[in-house]
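One-letter residues, chain by chain:
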Amino acid sequence: MLAIVVGLYLPNPASAWGPDGHRLVGSIADQLLSPTARQQVKTLLGVDLREAGPWLDCVKSVHRQADGSLAYVEDPLYEPPCTPFANDRAAMVDYAGRNWIDCVYPEGASAASNLGCHNTYHFDDIASQRDKFDRNYAGSSEHDLVAATNAAIAVLLGRSTPPPFNIKEKKEALMMLAHLVGDMTQPLHVAAPYLGPDGSLVDPDVTHTIDPSTETAGGNWIHDPKVLKGSDAFHHAWDDTPDDLGDTAPQALVDAAKALPVDTDRIENWAAIWATDTIEVSKQAMANVTYQKTGPRKWTIIFSDRDTYLKDADKLKRQQLAKAGARLAAVVNRIFQ
Ligand SMILES: [Zn+2]
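J.: Describe the overall build of the protein, listing the residues and the values that go with them.
T.: Check the secondary structure of the protein and you find 12 helices and 7 strands. In summary, the protein has a C-alpha radius of gyration of 19 Å against a globular reference of 20 Å for 337 residues, a match within 12%. In the protein, which comprises 337 residues, the share counted as buried stands at 54%. Considering only residue pairs separated by 6 or more positions, the protein has 71% of its internal contacts joining residues 24 or more positions apart. When the accessible surface of the protein is totalled, it reaches about 14200 Å², and 54% of it is carbon and sulfur. Looking at charge distribution, the protein has the averaged site of its 31 positive side-chain charges lying 3 Å from that of its 44 negative ones.

J.: Quick rundown of the coordination of the zinc ion? Include the residues and the values.
T.: Looking at the zinc ion, the protein donor atoms are H122 (ND1), H179 (NE2), D183 (OD) and D183 (OD), and they sit 2.1 to 2.7 Å from it. Read from N- to C-terminus, the donor residues coordinating the zinc ion fall into the pattern H-x56-H-x3-D. With H179 and D183 both in helix α7 (residues 170–183) and 4 residues apart, the pair spans about one turn of that helix. In terms of burial, H179 and D183 fall into one category: buried.

J.: So, the environment of K229: which residues are in play, and what are the values?
T.: Relative to the elements of secondary structure, K229 occurs in the loop between β5 (222–223) and α9 (234–239). Take K229: its relative accessible area is 75%, and that puts it in the exposed class.

J.: Go over the nonpolar core, please, and point to the residues and values.
T.: Where a protein is soluble and globular, its nonpolar side chains tend to be buried together. One finds L49, L177, L328, V331 and V332 to be the most contacted residues of the largest nonpolar core, which totals 75 residues. In terms of residue count, the dominant contributor to this core is helix α12 (residues 306–335) (10 residues). With residues up to four places along the chain from it excluded, the contact list for V332 reads L33, A37, V41 and L174.

J.: Before we move on, could you go through the state of the cysteines and cite the residues and values that matter?
T.: Considering all chains together, one arrives at 2 disulfides under this definition. Of note for the protein: the bonded cysteines, numbered N- to C-terminal, pair according to 1-2, 3-4.

J.: Quick rundown of the sheet that holds β5? Include the residues and the values.
T.: Within the open sheet, the 3 strands sit side by side as β5-β7-β6. Their pairing is mixed. Each edge of the open sheet is held by one strand with a lone partner, namely β5 and β6 (289–295). With 2 bridges connecting them, β5 and strand β7 (residues 298–303) associate as parallel partners. Of the residues in β7, the one forming a bridge with I222 is W299.

J.: Before we move on, can you summarise unusual backbone geometry with the specific residues and values?
T.: Here the bond from P163 into P164 is cis, since omega is 10°, no more than 30 degrees from zero. Relative to the elements of secondary structure, P164 occurs in the loop between α6 (145–156) and α7. The backbone phi angle of H208 is positive, close to 55°, even though this residue is not glycine. By the secondary structure assignment, H208 is in the loop between β4 (191–192) and β5.

J.: Please set out the layout of surface pockets residue by residue, giving values where relevant.
T.: Volume-wise, the second largest pocket comes out at about 430 Å³. Lining the second largest pocket are 21 residues, with H236, A237, D240, L310 and K317 sitting closest to its centre. Elements with a minimum of two residues in the lining of the second largest pocket: α9, β7 and α12. Per element, the largest residue contribution to the lining of the second largest pocket is 6 residues, and it comes from α12. Class assignment of the residues belonging to the lining of the second largest pocket gives a composition of 11 nonpolar, 3 polar and 7 charged.

J.: Could you give me a rundown of helix α11 (residues 270–285), with the residues and numbers involved?
T.: With 16 residues, α11 should reach 22 Å at 1.5 Å per residue; the first-to-last C-alpha distance of 22 Å fits that figure. Turning to α11, its buried residues are W270, A271, W274, A275, T278, I279, V281, S282 and A285.

J.: Account for the pattern of salt bridges, with residues named and values stated.
T.: For the structure shown, the criterion picks out 18 salt bridges. R98 serves as the salt-bridge partner of E172, at 2.6 Å between the closest nitrogen and oxygen. In this pair, E172 sits in helix α7 while R98 sits in helix α5 (residues 89–98), placing the two residues 74 residues apart along the sequence. Take E172: its relative accessible area is 5%, and that puts it in the buried class. In this structure, R327 engages D277 in a salt bridge whose closest nitrogen and oxygen atoms are separated by 2.9 Å. Taken together, the positions of R327 in helix α12 and D277 in helix α11 put the pair 50 residues apart, joining distant regions of the chain. Using a relative accessible area of 25% as the deciding quantity, one classes D277 as partly exposed. Beyond isolated ion pairs, a larger network of salt bridges with shared partners links D94, R98, K168 and E172.

Rules used throughout
Residues numbered from 1 in each chain as written. Predicted model: local features only at pLDDT ≥ 70, side-chain atom pairs only at ≥ 80, totals over all residues. Heavy atoms only, no water. Helix = DSSP H or I, 4+ residues; strand = E, 2+ residues; numbered from the N terminus. Rg over C-alpha atoms; globule rule 2.2 N^0.38 Å. Buried < 20%, exposed > 50% of the residue type's maximum accessible area, 1.4 Å probe, protein only. Contact = heavy atoms within 4.5 Å. Areas by Shrake-Rupley, 256 points an atom, 1.4 Å probe, with all protein chains shown as cover. Lys, Arg positive; Asp, Glu negative; His and termini not counted. Charge placed at Lys NZ, Arg CZ, Asp CG, Glu CD. Donors = N, O, S within 2.8 Å, 3.2 Å for Na, K, Ca; no water. Core = buried A, V, L, I, M, F, W, Y, C linked by side-chain atoms within 4.5 Å. Disulfide = S-S within 2.5 Å. Pairing = 2+ DSSP bridges. 1 Å grid on protein atoms, 1.4 Å probe; cavity = no way out; pocket = protein on both sides within 12 Å on 5 of 7 lines; lining within 4 Å. Points joined across faces, edges and corners; volume = space filled by probe spheres on them. Nonpolar A, V, L, I, M, F, W, Y, C, P; charged D, E, K, R; others polar. Expected span 1.5 Å × (residues − 1). Salt bridge = Lys/Arg side-chain N within 4 Å of Asp/Glu carboxyl O.

This is the structure in structure tokens:
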């Protein structure tokens, strides 16, 4: 079944948590795995979860060519975290091909920005006013982050792949899971502000129709004019991990992850529970800011106190990374128990 995607993202700069963040999440999880799970991960992937984390973003380097075929196009900017997979790019092209046309990704109509459906697996755009994840809410879809996470879990449990996903084997499913559990904790990858012409929040669930003029693409179209280098997108500000963390988790982050309670619900419910938690967190990410419309698909963010906001955001990011690491370990431990 075809469905229109509401969130529109740029190919690579918008990936939730940059490669450092996905490696951090994986490196926390690696240290929380049971001996059995660790062995299974190694056997399946050949790499640890830390190295596997960025794989699903590396897949975004697969582009449709003029002759209609798909090919991995190396971009020096995004290549470093992808080097562990350099000798098996065929696997990325294959995955992208099988998950390219199962939904419509409207921005991909032109050859230049042609993005496959698999790009939608990384996010939801639930209105920030909601208090939980629900598949009936605007900004969710049958090929969103929650559905993709559940699909990967199903395959790892030995079940068939729920459509519209096409997951070839457990290895691919684990590569997906190692990434998506990280995406799930980035507030702007689950929730989004929808904005009216005066910059006020509008609610797409009142009519259950998204007015395209209110879309911010998970904050990608909201800009912070004080950012002078790199992307000034509000979304990107949340993808960035604190500089001092690098790409391997320090002990403090591992300890924070260990201290978190493990979900006791059925594993099939975990993705939705995680998304609900992130929607709650997104309320903090969107507190003490206002927005101003500056053009079509263009907004400016105004912070009531930018320094304090950034300091609070730094703390929140550490908490979210720790959660992602703990959850990734918990789900892998549960699957391979
Ligand atoms: Zn992602």
